[in-house]
Amino acid sequence: MPITYTSGEQIEVYRFNIPVTVGVPLLALFLQAFLPRRLPFFSVFDLPLLVTIFFAMARRNPISGLLTGAAIGLVQDMLGPYPIGIYGIAKTVVGYLASSLGVKLDVENAGSRFLVVLFFYVVHEIVYFTVARGLVGLTLQWSWPRELGSALANALLAVALFALLDRFKQRT
Amino acid sequence: MESVLGRYRNLIILVGVLFLQVLGLAVQVKRSADAENTRLIRIWAVDLVTPFERGLVWAQNGSSDLWHNYFFLRGVRAENRQLKKQIEEMRLQEVRMSEDAAQAQRLQSLLAFREQFIVKPLPAQVIGSSGSDLSRSIYIDKGSNDGVAQDMAVITSGGIVGKVLRVYPSTSLVLMINDQSSGVGAMLEKSRLQGVARGTPNGELILERVMSDEQVAAGETVLSSGGDQIFPKGLPVGVVSKVSPGKEMFLSIKVKPAADLSRLEEVLVVTEKQERQPVAENGDRVRAADILAQRLPSVPEKPAAVAGAAPAGTAASGAAAQNSGGKPQPNVAAKPLTGTGTGTANATGTTVDVLKKVVHKPAAGDGTNAGPGSGGGSGAALSPVSAGSDATPNSAPGSVAKSAPKSANPAAKSATAPPKPSSPQPTPQPPATEDNPH
């Protein structure tokens, strides 16, 4: 019973206070930039993506989800060497889809979160690759084993991370 | 109409946000073809994150230094002994190599080669990365305030790291050589084949544009060729790890980067490099024999009769050994001596002679051509790789002569110099009067 179809009335919609709304994405961006230099394996994780999915699913508002994704993605782009907007577009799409899914499905338990993150990680990478290759002209090579491995790692981390972030949820 | 907008409001906003970002991307891609300046928005983002990174790196280094410098000193004494021993060995090695380097510089100056020299390296600390698995870039704690500019080379003692891609006031973004969008002019050390070292999406480094009919072996060193106008020539790029047939007519050569790109902590930014002709070093070089002599206990002076009892065939070299105090001489004759030499030494004075004889060096260990007594004194004097042990049969003590560098050559000494007693103690050498023919 990891994913259950739920009516809109049954779904809890959460909100977050401003320090959490601003601080958590910034912390995720900071850790993503800082930790891979110290722990090289950490580069397989995409903390900003996980935070985007978490906020989108908790708020269950597509506009809020896509704007959160766009903001986080754009800042992530600004820290990288490539043109600004590649991560922005990918995370906008994921934020929109995750919040749309959150409206229809109950994604509160660990199993459903695992599957949702697994799915959205792959979606994120597909959009990223499409934009990077099609619009920017980067020569990226798609590798299913690598992408699935990363998706699995991110899904596992998401289960623990979402449980931690649940503490900051506030009922509307 | 309103109901339609209301119904598809979310979708319309999504399309609008995506459209704006695509538009922004298109503008950037168009502009990146021209010279791209660092955008203000990037500066804000970097300024938002890097202060925390700096603080964390500072705290981490501080605690690490405190622990390692004051508390965790186990094994330091043994390590110190080992390092001292290593320094001794490296000093000897350095002397040998400096002889070769000096010779190369002399040749280059003769041929008017121009070379790029690193004049001013700026140490910097790695404080962060781009945070993406799909790009390989790092942030360093030096920026335009410290003199860093775009396209400057970033290196470590191991090898090259990358180039400065964007410069901020107090930080810089460095694109590493294993990023898929980077490229470095490279060449193979032995075969001198040139190619382009590029990163792959997986973060590996490959050498491109080497024809498939060329022989490239795993383990060969790859150096920067200097062709990209960013990295000075001759810096280590990496080591060939795998060679396989590639696309079309080129080889696929995997290269293991010389610098450990995944664990960088400190780097050097080449803020200033100079293109000039290499200048051959003047005298005053430390010789391997001198270093060895300093380490050995002094040996009492031998009677002249003992020193003079050299085999007839090597009398001249014996005399030379006496002249030099029993020590083999370095390759001083590659710098033609004037004034103090005999006719044979003076005969080597022309540039063409010097070049010819240095390039066509005799086989190592050919002690018979050493010394003016062999009739080819000048030729031997120009031999840069005459084995010191063979060329100095009368050099005393034997241990000194055997440990001498290849370039040591007793005949290099002027035959007319006054004889001195044989002794292992270092003797000051008269400086060559004309080190560099140019």
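Residues numbered from 1 in each chain as written. Chains lettered and ligands numbered in written order. Predicted model: local features only at pLDDT ≥ 70, side-chain atom pairs only at ≥ 80, totals over all residues.

Caption draft 1: Region of interest: the overall build of chain B. Looking only at helices and strands, chain B features 12 helices and 12 strands. For chain B, buried positions account for 39% of its 438 residues. Long-range contacts, defined as pairs at least 24 residues apart, comprise 69% of the intrachain contacts of chain B with a sequence gap of at least 6. (Helix = DSSP H or I, 4+ residues; strand = E, 2+ residues; numbered from the N terminus. Buried ≥ 20, exposed ≤ 12 C-beta atoms within 10 Å, placed from the backbone. Contact = placed C-beta atoms within 7 Å.)

Caption draft 2: Representation of the overall build of chain A within the structure. From N to C terminus, chain A includes 6 helices and 4 strands. Counting from the amino terminus, helix and strand elements in chain A follow one another as β-β-α-α-α-α-β-α-α-β. Residue burial in chain A is summarised as follows: out of 172 residues, 47% are buried. Long-range pairs, those at least 24 residues apart, make up 72% of the contacts in chain A with a sequence separation of at least 6.

Caption draft 3: Looking closely at the pairing of strand β10 (residues 236-245) of chain B. Residues and elements named next belong to chain B. For strand β9 (residues 221-224) and β10, the ladder comprises 3 bridges, and the chain directions are antiparallel. Bridge assignment links Leu223 to a residue of β10, and that residue is Pro236. Relative to strand β11 (residues 251-257), β10 is paired through 7 bridges, and the arrangement is antiparallel. Residue pairing across strands places Val243 opposite Ile253, the latter belonging to β11. In sequence, β10 turns back onto β11 through a hairpin of 5 residues, with Glu248 there showing a positive phi of about 50 degrees. (Pairing = 2+ DSSP bridges.)

Caption draft 4: Up close: the sheet that holds strand β6 (residues 183-188) of chain B. Residue and element names in this part refer to chain B. Taken in spatial order, the 6 strands close into a barrel running β6-β7-β8-β11-β10-β9, and their pairing is antiparallel. Strand after strand, the sheet turns through a mean of 40 degrees between neighbouring axes, direction not considered. Note: β6 against β9, 3 bridges, orientation antiparallel. What sits directly across from Ala186, in β9, is Ser224. (Axes fitted to C-alpha atoms, helices over the stretch in contact; angles between N-to-C directions.)

Caption draft 5: Region of interest: the packing of helix α4 (residues 86-104) of chain A against helix α5 (residues 110-136) of chain A. Residue and element names in this part refer to chain A. Taken N-terminus to C-terminus, the directions of α4 and α5 make an angle of 150 degrees; their axes are 8 Å apart at the nearest point. Considering only the axes of α4 and α5, their crossing is right-handed. Residues Ile86, Tyr87, Ile89, Ala90, Lys91, Val93, Val94, Leu97, Ala98 and Leu101 of α4 form the contact with α5, whose own contacting residues are Val116, Phe120, Val123, His124, Val127, Tyr128, Val131, Ala132 and Val136. Of the residues that constitute the contact of α4 with α5, the class distribution is 17 nonpolar, 1 polar and 1 charged. (Left-handed = near helix turned anticlockwise from the far one by under 90°. Nonpolar A, V, L, I, M, F, W, Y, C, P; charged D, E, K, R; others polar.)

Caption draft 6: Spatial organisation of the interface of chain A and chain B. Facing 34 residues of chain A, the contacting portion of chain B comprises 38 residues. Elements represented by at least two residues in the side of chain A that touches chain B include exactly α1 (18-38), α3 (62-79), α4 and α5 of chain A. No other element matches α3 of chain A, which puts 8 residues into the side of chain A that touches chain B. Classifying every residue of the side of chain A that touches chain B by side-chain character gives 24 nonpolar, 9 polar and 1 charged.

Caption draft 7: Fine view of unusual backbone geometry. All names here are of chain B. One non-glycine residue, Arg209, lies in positive phi territory at about 65 degrees. Along the chain, Arg209 turns up in the loop between β8 (205-208) and β9. For Arg209, a count of 15 C-beta atoms within 10 Å translates into the label partly exposed. Within the chain, Gln229 stands out as a residue other than glycine whose phi angle is a positive 65 degrees. By the element assignment, Gln229 lies in the loop between β9 and β10. Using a count of 10 C-beta atoms within 10 Å as the deciding quantity, one classes Gln229 as exposed.

Caption draft 8: Molecular detail of the confidence of the model for chain A. All names here are of chain A. Here chain A shows a mean pLDDT of 87. Residues at 70 or above account for 93%. No element of chain A has a lower mean pLDDT than strand β1 (residues 4-5), at 43, and none a higher one than helix α2 (residues 47-59), at 94. This stretch, residues 1-8, has a pLDDT under 50; its non-local contacts, to residues over four places away or in other chains, come to 15 contacts. (pLDDT = per-residue confidence, 0-100.)

Caption draft 9: Inspection of α4 of chain A at higher detail. With 19 residues, α4 of chain A should cover 27 Å at 1.5 Å per step; its first-to-last C-alpha distance of 28 Å lies within 8% of that length. Most of α4 of chain A is tucked away, with 17 of its 19 residues classed as buried. (Expected span 1.5 Å × (residues − 1).)

Caption draft 10: Region of interest: the packing of α1 of chain A against α2 of chain A. Residue and element names in this part refer to chain A. Two elements in contact, α1 and α2, have axes whose closest approach is 8 Å; the angle formed by their N-to-C orientations is 160 degrees. Here α1 is positioned roughly antiparallel relative to α2, judged by the angle of their axes. Crossing of α1 over α2 shows right-handed handedness. Along its contact with α1, which presents Val24, Pro25, Ala28, Leu29, Leu31 and Gln32, the element α2 presents Leu47, Pro48 and Val51. (Parallel < 35°, antiparallel > 145°, perpendicular 65-115°, else oblique.)

Caption draft 11: Broad picture of the pairing of strand β4 (residues 160-167) of chain B. All names here are of chain B. With respect to burial, β4 is a largely interior element, 8 of its 8 residues being buried. Pairing of strand β3 (residues 153-155) with β4 involves 3 bridges; the strand directions are antiparallel. Counterpart to Val154 in the pairing with β4 is Gly162. Turn length for the β3-β4 hairpin, with the two strands adjacent in sequence and antiparallel, is 4 residues. Both β4 and strand β5 (residues 172-176) contribute to a ladder of 5 bridges, which runs antiparallel. Among the inter-strand pairings, Val167 is bridged to a residue of β5, identified as Ser172. Adjacent in sequence and paired antiparallel, β4 and β5 are bridged by 4 residues.

Caption draft 12: Broad picture of the confidence of the model for chain B. Looking at chain B as a whole, the pLDDT averages 69, with 58% of positions reaching at least 70. Across residues 304-438 of chain B, confidence stays below pLDDT 50; counting only partners more than four residues off in sequence or on other chains, it has 269 contacts.

Caption draft 13: Here's a closer look at the nonpolar core. Core analysis: the largest hydrophobic core is formed by 105 residues, its most contacted members being Ile53 of chain A together with Ile160, Val161 and Val174 of chain B. Look past the residues within four positions of Ile53 of chain A in its chain and what remains in contact with it is Val94, Ala98, Val117 and Phe120 of chain A. (Core = buried A, V, L, I, M, F, W, Y, C linked by C-beta atoms within 7 Å.)

Caption draft 14: Inspection of the environment of Gly158 of chain B at higher detail. With respect to the helices and strands, Gly158 of chain B occurs in the loop between β3 and β4. A C-alpha to C-alpha distance of 8.9 Å links Gly158 of chain B and Leu235 of chain B, two positions 77 residues apart in sequence.

Caption draft 15: Region of the structure containing the environment of Glu125 of chain A. All names here are of chain A. Within the fold, Glu125 resides in helix α5. We classify Glu125 as buried; it has 22 C-beta atoms within 10 Å. Counting along the chain gives 38 residues from Glu125 to Tyr87, while the straight-line C-alpha distance between them is 9.4 Å.

Caption draft 16: How the structure looks around α1 of chain A. Residue and element names in this part refer to chain A. Taking 1.5 Å as the rise per residue, α1 with 21 residues should run 30 Å; its terminal C-alpha atoms sit 30 Å apart, in good agreement. Where α1 bends most, at Gln32, the angle is about 25 degrees, and the proline Pro36 comes one to four residues later. Looking only at α1, the buried set comprises Val24, Pro25, Ala28, Leu29, Phe30, Gln32, Ala33, Phe34, Pro36 and Arg37. (Bend = angle between axes of the 7 residues up to and from the residue.)

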